[in-house]
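Coordinate inspection notes
One letter stands for each residue in the lines below.
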Amino acid sequence: VFENTSSVTDSSGIPANAFEAVVFGGDDIEIAQVIFVQKPLGIESHRDPGIQGVTVPITDSQGTIHSIDFTRPTALQMYIEVEVVADLSVFGGGDQAAGIQQVKDALALLGTQQSIGNDVFIVKYQCAPLNVAGIVDVPVMQIENSFPPTNTANIIIASRDVATFNTADIVVNVASI
């Protein structure tokens, strides 16, 4: 939630004495109802003026309709290409395809912990495969929001964006010890 307690529109475009909730997931009507019940009286909700902005009409107990605004974050789909070094007799229980899926699952699970505006720290993702049985090293990790990924540095995520990960967008290359 971003708020502007000043008497002028701020540098983010939030009007005076207003707030902007940036919400990932959930039902628009349920979100608007929670915002309506929780917001202070006399303080306006605000939304992104573009396609990410949502306005929902909510009717109060007196029959008055209120426009409740909030913003959906821009989802930045991340692509990963990783090279792992593994003991193939242990990796995936001796089944390389199963081991590859375990690496993809570990990386995607870590991705579910990304919150709105959280940067992608590559070292965290480089460490995730080490929790898969049989993996002894992760010499190459590339993450980017375009395919094929070539970036090996942290990725800065804007305050109204969120990095998302899907196992279908993860390539795992395996070398044996």
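We now turn to the structure provided with this report.

What counts and how
Residues numbered from 1 in each chain as written. Predicted model: local features only at pLDDT ≥ 70, side-chain atom pairs only at ≥ 80, totals over all residues. Heavy atoms only, no water. Helix = DSSP H or I, 4+ residues; strand = E, 2+ residues; numbered from the N terminus. Rg over C-alpha atoms; globule rule 2.2 N^0.38 Å. Core = buried A, V, L, I, M, F, W, Y, C linked by side-chain atoms within 4.5 Å. Buried < 20%, exposed > 50% of the residue type's maximum accessible area, 1.4 Å probe, protein only. Contact = heavy atoms within 4.5 Å. 1 Å grid on protein atoms, 1.4 Å probe; cavity = no way out; pocket = protein on both sides within 12 Å on 5 of 7 lines; lining within 4 Å. Points joined across faces, edges and corners; volume = space filled by probe spheres on them. Nonpolar A, V, L, I, M, F, W, Y, C, P; charged D, E, K, R; others polar. Phe/Tyr/Trp six-rings, centres within 6.5 Å; stacked < 30°, edge-to-face > 60°. Lys NZ or Arg CZ within 6 Å of the ring centre and 35° of its normal. Pairing = 2+ DSSP bridges. Axes fitted to C-alpha atoms, helices over the stretch in contact; angles between N-to-C directions. Polar contact = N/O pair within 3.5 Å; in protein donor to acceptor, adjacent residues only side chain to side chain.

**Quick notes on the overall build of the protein**
The number of helices and strands found in the protein is 3 helices and 10 strands. Mapped in sequence order, the helices and strands of the protein form the string β-β-α-β-β-β-β-β-α-α-β-β-β. Radius of gyration (C-alpha) of the protein: 22 Å, far over the 16 Å computed for a compact globule of 177 residues. Along the first, second and third principal axes, the C-alpha set of the protein runs to 70 × 30 × 20 Å.

**Details of the nonpolar core**
Proteins that are soluble and globular tend to have nonpolar side chains buried together. Counting residues in hydrophobic clusters, the biggest one holds 26 residues, and the most contacted among them are Ile80, Val82, Leu107, Tyr125, Met141 and Ile143. Contributions of two or more residues to this core are made by strand E7 (79-86), helix H2 (96-111), helix H3 (122-127), strand E8 (135-144) and strand E10 (170-176). The contacts of Met141, once residues within four sequence positions are left out, are Ile80, Glu81, Val82, Leu107, Ile122, Tyr125, Gln126, Asn151 and Thr152. Ala21, Ala32, Ile68 and Phe70 belong to the second largest nonpolar core, which has 11 residues in total.

**Points about the layout of surface pockets**
Estimates place the volume of the largest pocket at around 180 Å³. In terms of lining, the largest pocket is formed by Phe36, Lys39, Pro40, Leu41, Gly42, Ile43, Glu44, Ser45, His66, Ser67 and Ile68. Those elements that provide at least two residues to the lining of the largest pocket are strand E3 (44-46) and strand E5 (65-71). A per-element tally of the lining of the largest pocket places E5 first, with 3 residues. Partitioning the lining of the largest pocket into residue classes produces 5 nonpolar, 4 polar and 2 charged.

**Section: the packing of aromatic side chains**
Following the criterion strictly, the structure yields 2 aromatic pairs and no others. Directly above the aromatic system of Phe2 lies the positively charged group of Arg160, at a separation of 4.2 Å from the ring centroid.

**Focus: the sheet that holds E3**
If you walk across this open sheet you meet the 3 strands as E1-E2-E3, and the pairing is mixed. Every other strand in the sheet has two partners, leaving strand E1 (2-4) and E3 as the edge strands with one partner each. When strand polarity is set aside, the average angle formed by the axes of neighbouring strands in this sheet is 25 degrees. When E1 meets strand E2 (residues 18-20), the two strands line up antiparallel, connected through 3 bridges.

**Thoughts on the side chain of Thr71**
Along the chain, Thr71 turns up in strand E5. We classify Thr71 as buried; its relative accessible area is 1%. Within the structure, the side chain of Thr71 is placed 2.7 Å from the backbone nitrogen of Asp48, a separation counted as a polar contact. Not counting chain neighbours up to four residues away, the residues in contact with Thr71 comprise Glu20, Ala21, Val22, Val23, His46, Arg47, Asp48, Gln52 and Gly53.

**Observations concerning the sheet that holds E10**
With mixed pairing, the 3 strands of this open sheet are ordered in space as E8-E7-E10. With one partner strand each, in any of the chains shown, E8 and E10 form the two edges of the open sheet. Put simply, the sheet's adjacent strands are angled 15 degrees from each other on average, direction ignored. Sheet topology note: the E7/E8 ladder contains 7 bridges and is antiparallel. The partner of Ala86 across the bridge, within E8, is Ile135. The sheet contacts of H2 involve E7, E8 and E10, and relative to E10 the element is tilted by about 130 degrees.

**Brief notes about the environment of Leu107**
By secondary structure assignment, the location of Leu107 is in helix H2. Given a relative accessible area of 0%, Leu107 falls into the buried group. Once the C-alpha coordinates of Leu107 and Ile80 are considered, the two residues, 27 residues apart in sequence, prove to be 8.7 Å apart. Apart from residues lying up to four places away in sequence, Leu107 is in contact with Ile80, Val82, Tyr125, Ala128, Pro129, Met141 and Ile170.

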